[in-house]
Amino acid sequence: MKVSVIGTGYVGLVSGTCLAELGNDVVCLDVDPEKIRVLLEGGMPIYEPGLQDLVRRNVAAGRLHFTTDVEKSVQHGTVQFIAVGTPPDEDGSADMQYVTAAARNIGRYMTDYKVIVDKSTVPVGTGDKVKTAVAQELSQRGVQTPFSVVSNPEFLKEGAAVEDFMRPDRIVIGCEDEQAIQYMRALYMPLQRNHDRLIVMDTKSAELTKYAANAMLATRISFMNELANLADSLGADIESVRKGIGSDSRIGYDFLYAGCGYGGSCFPKDVKALIKSARDDASIGLKVLHAVEDANEAQKHVLSGKIRTRFGTDLRGKHFALWGLAFKANTDDMREAASRVVIADLLEMGATVTAYDPVARHEAERIYGDEQRLSYAENPMSALDGADALVIVTEWKEFRSPDFAAIKAKLKSPVIFDGRNLYDPKLVRGMGLEYLAIGR
């Protein structure tokens, strides 16, 4: 099938590349010429494991193309995926200007039937707005070219996006038009061989499904974080509690890990947007999600609170090693990352920081510029040079089996503040290190 994908961020680039890998003829459009230049030269504007090799293979095979030419993109694909950003506005709502602009461009240049697919995470009712925007452009041109609008929300985890696309738990299709549904069935047929993963529903239900999924996962994380804080106060071990409740098949083990708060481009933005949409569009206050958001913001300060308790509020002259900058492992994304809150708190108390992250350093340098109190190390152990204590914020695999004797020898005070509960407390404390984790 001929497919056009508008936007080459995480969702657009992964979706377009994977659809090309399945044998489709894909054009990826972006209005940012720098992004397209990087892609045409074989580079990557984002970090995602396995994606670069996939892009290069499909470009070489002639199935994947990149362009800034809007008209070329619209003319190419029968199926037009809108995968542009929907960043939060100041009031927390999703900014829909890029989605609307993409829809208008399709209406401006289309000359035959199109299936227009909302892949971006969008508020309920966006499908109707896309339909209106396209229809207005067609009306201004004096033509009545047929089209359909579909909601096909993405469920891709950063760091595992390629695998999630190629082996999906489910493929949600929101549409009331049978012709468009058949196009989507045909497009996703290669992913259906084992069993039928397609769930067809009305457009608004599909739009709400995406927000509901992320809100539920965020709720589980905040719930466990609050229980972990309680466990700290009561002398219980949240890891034992996790196993105890996770063994219940009604609950399960996923997303029950306590830590220093969720971040990234999805959970914070989507929780805010769902709260705002419920209030504005339905006059409903989502009390649980307000609590989820408040708990998460507080959780990002828990590590610095433990540091304050241990070292005091005046950290002038103190130096800390920080392992991890990305909001989670296997990505360079620092949006809403706990590391940013921890760094801000430490700097505000007068400390200096040396950070190490295997892939997010460039992003940190962009964010912090020439901040003199923050430096970067080339590897985890060199980050410990001159440090009073170690603070762990991201659960990278390379942090999971360190040389504890070497860590103890390097630190002025043998203290580890672990925001991801990576280690067995008995093991670490048995090595002569003070170990302060989350709920352990």
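Let me sum up the structure you'll find in this document.

Rules behind the numbers
- Residues numbered from 1 in each chain as written.
- Predicted model: local features only at pLDDT ≥ 70, side-chain atom pairs only at ≥ 80, totals over all residues.
- Heavy atoms only, no water.
- Helix = DSSP H or I, 4+ residues; strand = E, 2+ residues; numbered from the N terminus.
- Rg over C-alpha atoms; globule rule 2.2 N^0.38 Å.
- Buried < 20%, exposed > 50% of the residue type's maximum accessible area, 1.4 Å probe, protein only.
- Contact = heavy atoms within 4.5 Å.
- Areas by Shrake-Rupley, 256 points an atom, 1.4 Å probe, with all protein chains shown as cover.
- Lys, Arg positive; Asp, Glu negative; His and termini not counted.
- Charge placed at Lys NZ, Arg CZ, Asp CG, Glu CD.
- Phe/Tyr/Trp six-rings, centres within 6.5 Å; stacked < 30°, edge-to-face > 60°.
- Lys NZ or Arg CZ within 6 Å of the ring centre and 35° of its normal.
- Arc of directions from axis to C-beta.
- Polar contact = N/O pair within 3.5 Å; in protein donor to acceptor, adjacent residues only side chain to side chain.
- Pairing = 2+ DSSP bridges.
- Axes fitted to C-alpha atoms, helices over the stretch in contact; angles between N-to-C directions.
- Parallel < 35°, antiparallel > 145°, perpendicular 65-115°, else oblique.
- Left-handed = near helix turned anticlockwise from the far one by under 90°.
- Nonpolar A, V, L, I, M, F, W, Y, C, P; charged D, E, K, R; others polar.
- Salt bridge = Lys/Arg side-chain N within 4 Å of Asp/Glu carboxyl O.

Considering the overall build of the chain
Now for step 1: The helix and strand inventory of the chain stands at 17 helices and 14 strands.
Now for step 2: In summary, the chain has a C-alpha radius of gyration of 24 Å against a globular reference of 22 Å for 440 residues, a match within 12%.
Now for step 3: Within the chain, buried positions represent 54% of all 440 residues.
Now for step 4: Residue pairs at least 24 apart in sequence account for 73% of intrachain contacts in the chain once pairs closer than 6 positions are excluded.
Now for step 5: Total accessible area computed for the chain in this model is approximately 19200 Å², and 51% of it derives from carbon and sulfur atoms.
Now for step 6: Here the chain contributes 52 positively and 61 negatively charged side chains, and the mean placements of these two sets differ by 3 Å.

Considering the packing of aromatic side chains
Now for step 1: Tallying each qualifying case throughout the model produces 10 aromatic pairs.
Now for step 2: Between F165 and Y188, the ring centres sit 6.3 Å apart and the planes meet at 45 degrees, which makes this aromatic pair tilted. Residue F165 is located in helix α7 (residues 161-166), and its partner Y188 is located in helix α8 (residues 178-188); the two are separated by 23 residues in the primary sequence.
Now for step 3: Owing to a relative accessible area of 6%, F165 belongs among the buried residues under this scheme.
Now for step 4: We classify Y188 as buried; its relative accessible area is 2%.
Now for step 5: With a centroid separation of 5.9 Å and 80 degrees between ring planes, the pair formed by Y262 and F267 is classed as edge-to-face. With respect to burial, Y262 and F267 carry one shared label: buried.
Now for step 6: A network of ring pairs unites the aromatic residues F255, Y262 and F267 as a single cluster.
Now for step 7: Sitting over the face of the ring of F155, R170 holds its NZ or CZ atom 3.7 Å from the ring centroid.

Here we look at unusual backbone geometry
Now for step 1: Here F255, not a glycine, exhibits a phi torsion of approximately 60 degrees, which is positive.
Now for step 2: Here E336, not a glycine, exhibits a phi torsion of approximately 60 degrees, which is positive.
Now for step 3: With respect to the secondary-structure elements, E336 resides in the loop between β9 (319-323) and α14 (338-348).
Now for step 4: We classify E336 as partly exposed; its relative accessible area is 35%.

Some words on helix α10 (residues 238-246)
Now for step 1: The set of residues buried in α10 consists of I238, E239, R242 and G246. For α10, the angular spread of the buried residues around the axis is 105 degrees, confining them to a single face.
Now for step 2: Against α9 (203-234) lie the buried residues of α10.
Now for step 3: The N-cap residue of α10 is D237: its side-chain oxygen and the backbone nitrogen of E239 are 3.0 Å apart.

As for the sheet that holds β9
Now for step 1: Spatially, the six strands line up as an open sheet ordered β11-β10-β9-β12-β13-β14, and their pairing is parallel. Each edge of the sheet is formed by a strand with only one pairing partner; in this case those strands are β11 (374-376) and β14 (434-436). Within the sheet, the average angular offset between the axes of one strand and its neighbour, ignoring direction, is 20 degrees.
Now for step 2: Bridge count for strand β12 (residues 389-392) against strand β13 (residues 415-418) is three bridges, and the pairing is parallel. Bridge pairing in β13 places I392 opposite D418.

So, the packing of α9 against α10
Now for step 1: Their axes nearest at 9 Å, the elements α9 and α10 cross at an angle of 135 degrees. In this view, α9 runs oblique relative to α10, as classed from their interaxial angle. The interaxial crossing formed by α9 with α10 has right-handed handedness. Across from M224, L227, A228 and A231 in α9, the residues of α10 making contact are I238, R242 and I245.
Now for step 2: Partitioning the contact of α9 with α10 into residue classes produces six nonpolar, no polar and one charged.

Let's talk about the packing of α9 against helix α11 (residues 267-282)
Now for step 1: The interhelical angle for the contact between α9 and α11, taken along N-to-C directions, is 115 degrees, at an axis separation of 9 Å. As far as their axial angle goes, α11 and α9 are roughly perpendicular. When you trace α9 past α11, the crossing you get is left-handed. Residues L208, K210, Y211, N214, A215, L217, A218 and I221 of α9 form the contact with α11, whose participating residues are F267, D270, V271, A273 and L274.
Now for step 2: Broken down by class, the residue content of the contact of α9 with α11 amounts to 10 nonpolar, one polar and two charged.

Let's talk about the pattern of salt bridges
Now for step 1: Within the structure shown, the criterion is met by 31 salt bridges.
Now for step 2: Between R37 and E34 there is a salt bridge; the shortest N-O distance is 2.4 Å. Of this pair, R37 and E34 both sit in helix α2 (residues 33-40), three residues apart, which is roughly one turn of that helix.
Now for step 3: Owing to a relative accessible area of 42%, E34 belongs among the partly exposed residues under this scheme.
Now for step 4: Here E371 ties to R373 by a salt bridge, and the two come within 2.9 Å at their closest N and O atoms.
Now for step 5: A residue is classified by how much of its surface remains accessible, and E371, at 23% relative accessible area, is partly exposed.
Now for step 6: Salt bridges here are not isolated pairs; linked through shared partners, they connect E34, R37 and E41.

What to know about the side chain of R220
Now for step 1: Mapped onto the elements, R220 comes out in helix α9.
Now for step 2: Within the buried set, R220 has no salt-bridge partner at all; the shortest N-O distance to an opposite charge, 6.7 Å, is to D254.
Now for step 3: Leaving out residues up to four positions away in the same chain, R220 has contacts with I251, G252, Y253, D254, F255 and L256.

Things to note about the environment of A338
Now for step 1: The topology assignment puts A338 in helix α14.
Now for step 2: Along the backbone, A338 and E395 are 57 residues apart, and their C-alpha atoms lie at a distance of 12 Å.

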